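Notes for the structure review
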Amino acid sequence: GHGKCDCGKCKCDEGWYGEACQYPNTCNLTRKKSNEMCKNSQDIICSGAGTCQCGRCKCANSEGNELVYGKFCECDDRECIDDETEEICTGHGKCYCGNCYCEAGWHGDKCEFQCDITPWEIKKRCTSPDGKICSNRGTCVCGECTCHDVDPTGDWGDIHGDTCECDERNCKAVYDRYSDDFCSGHGQCNCGRCDCKEGWTGRKCEHPRSCPLSVEESAKKCQGNSNLPCSGRGRCECGQCTCFPPGDNRVHGKNCECDDRQCENVDGVVCGGHGICSCGRCICQDGWFGKLCQHSRKCNLTEEESRSLCESADGILCSGKGSCHCGKCICSPQEWYISGDFCECDDRDCDKHDGLICTGNGVCSCGNCECWEGWNGNACEIWLGREYP
């Protein structure tokens, strides 16, 4: 907004300079305020890869190669350059923010290794019986699947098989990594399917045959208005829900439908200290708003200062997926899956288990699950605390 584009290059208005006319010749910010605006999430000015000029980062690009970029110079495509060939991703892939994405038939951190089989053969070997590459639970490299092992000890995990087709997590009635939890302790798990002992039935051997309710009736009583029995947060036996974790009163309700952990931020503060939690939703005090009451309605920034803090790495306000308030992005509530400081993240990318993002035992943060205390695993599906009752 401070110049005109002429044949692909910016001609800046008086008082502005830079490739995109983003830097003012005179700055009305103090050095401290300017440096604060240039700090990344680790509080490092311009990620140590540039200089701060009036609240904006100017990345250190020698020879004008533009390999270091981003709002805070957080992307360094020099990481993609192969030491031997000096080419980006050895010419067999594309680099995005310092990571190589390889063409078919090539692999390695810098796409330096070539497979000795054709791309067609690679796909054929990695395709699972349901037609998915590594069952969507692993990575295919040269025709071999590396399964996403979820065991935090590093030992043999819950996912295995030539194409990662066996998922032992499907046998777990509650998400305990110990063997007595498999098939509710009433059966044997075989490649993700439960073979129940006599007297027990159900997909996870959770239903006693002596129960007067059928499996369907029991599940319906436990389901309530949710898509899953006990809202995916408890164990259903004969129409009754036992919520988990045990002894944690933050998960409650007849069908475990209330999860007050959703009111906490990653530091455990409830509703930002500016509201109360009611069945997993924050009711904010006057003067505060947001999902976690994290936004103050008052603002001491000018509109221009606010907008400058909301620009994402590509220069777009809140990545085009939210609105800017007092220097912070408020992501579109209609698109529940959008998150991140600049609304740049898609939380649908987070791992799921039983159809639930982060198994309902954590929050999705920019594509990765941040688990509640006592839970672990890519999808927060592993309980590391004491045994369930």
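Note that the structure is predicted; figures quoted are calculated from it, not measured.

Before going further, it helps to spend a moment on the overall build of the protein chain. Tallying secondary structure elements over the protein chain gives four helices and 38 strands in all. C-alpha extents for the protein chain along the principal axes are approximately 85 × 65 × 30 Å. Within the protein chain, buried positions represent 37% of all 389 residues. Expressed as a percentage of contacts within the protein chain between residues at least 6 apart in sequence, the contacts between residues at least 24 apart total 30%. Carbon and sulfur atoms provide 46% of the accessible area of the protein chain, an area that totals close to 22,700 Å².

Glancing now at the nonpolar core. One finds Cys 57, Cys 73, Cys 329 and Cys 343 to be the most contacted residues of the largest nonpolar core, which totals 16 residues. Elements that contribute at least two residues to this core include exactly strand S6 (56-59) and strand S30 (328-331). Ignoring sequence-local partners within four residues, the contact set of Cys 343 consists of Cys 318, Ser 319, Lys 321, Gly 322, Cys 329, Ile 330, Cys 331 and Ile 338. Grouped together as the second largest cluster of nonpolar side chains are eight residues, Phe 244, Cys 358, Trp 372 and Trp 375 included.

Following the criterion strictly, the structure yields 32 disulfides and no others. One disulfide in the model links Cys 171 with Cys 189; its S-S distance is 2.1 Å. Taking the sign of the S-S torsion, 75° for the link of Cys 171 and Cys 189, the bridge is right-handed. With Cys 171 in the loop between strand S16 (166-167) and strand S17 (187-190) and Cys 189 in strand S17, this pair connects stretches of sequence that are 18 residues apart. Both residues of the pair, Cys 171 and Cys 189, count as buried. The thiol of Cys 7 is not disulfide-bonded; the next cysteine sulfur, from Cys 5, is found 8.3 Å away. As a non-bridged cysteine, Cys 10 has Cys 21 as the owner of its nearest cysteine sulfur, 4.4 Å distant. Overall, Cys 10 belongs to the partly exposed group, its relative accessible area being 37%.

Within the fold, Asn 40 resides in the loop between helix H1 (31-38) and strand S5 (50-53). In this structure Asn 40 comes out as buried when scored by relative accessible area, which is 11%. Among the polar contacts listed, one links the side chain of Asn 40 to the backbone nitrogen of Ile 44, at a separation of 2.9 Å. Polar contacts involving the side chain of Asn 40 include one to the side chain of Ser 47, which spans 3.2 Å. With near-sequence residues (within four places) excluded, Asn 40 lies in contact with Ser 47 and Phe 72.

Here the phi dihedral of Asp 43 falls at roughly 65°; this positive angle occurs in a residue that is not glycine. Tracing the sequence through the fold places Asp 43 in the loop between H1 and S5. In this structure, Cys 279 is a non-glycine residue whose phi angle is positive, near 50°. Turning to its location among the elements, Cys 279 is positioned in the loop between strand S25 (275-278) and strand S26 (281-284). For Cys 279, a relative accessible area of 36% translates into the label partly exposed.

Taken as a whole, this structure holds eight salt bridges when the rule is applied. As a salt-bridge pair, Arg 125 and Glu 121 come within 3.1 Å of each other at their nearest N and O atoms. In this pair, Arg 125 and Glu 121 both sit in helix H2 (residues 119-126), four residues apart, roughly one turn of the helix. Note that Arg 261 is salt-bridged to Asp 259, the shortest N-O span being 2.8 Å. Taken individually, Arg 261 and Asp 259 each receive the classification buried, so the pair is uniform in this respect.

Mapping Cys 59 onto the fold places it in strand S6. According to the relative accessible area criterion, Cys 59 is buried, its value standing at 18%. Not counting residues within four places of it along the chain, the set of residues in contact with Cys 59 comprises Ala 49, Gly 50, Val 68, Tyr 69, Gly 70 and Cys 73.

Let's shift gears to the UniProt feature "domain: Epidermal growth factor-like" (unreviewed entry) in the protein chain. Here the UniProt feature "domain: Epidermal growth factor-like" (unreviewed entry) sits at residues 80-111, 263-293 and 350-380. Within the segment residues 80-111, helix and strand shares are 0% and 31% respectively, and the terminal C-alpha atoms sit 9 Å apart. Helix makes up 0% of residues 263-293 and strand 32%, with an end-to-end C-alpha separation of 9 Å.

Rules used in this analysis
- Residues numbered from 1 in each chain as written.
- Predicted model: local features only at pLDDT ≥ 70, side-chain atom pairs only at ≥ 80, totals over all residues.
- Heavy atoms only, no water.
- Helix = DSSP H or I, 4+ residues; strand = E, 2+ residues; numbered from the N terminus.
- Buried < 20%, exposed > 50% of the residue type's maximum accessible area, 1.4 Å probe, protein only.
- Contact = heavy atoms within 4.5 Å.
- Areas by Shrake-Rupley, 256 points an atom, 1.4 Å probe, with all protein chains shown as cover.
- Core = buried A, V, L, I, M, F, W, Y, C linked by side-chain atoms within 4.5 Å.
- Disulfide = S-S within 2.5 Å.
- Polar contact = N/O pair within 3.5 Å; in protein donor to acceptor, adjacent residues only side chain to side chain.
- Salt bridge = Lys/Arg side-chain N within 4 Å of Asp/Glu carboxyl O.
- UniProt positions renumbered as here; feature names shortened; annotations may be inferred.

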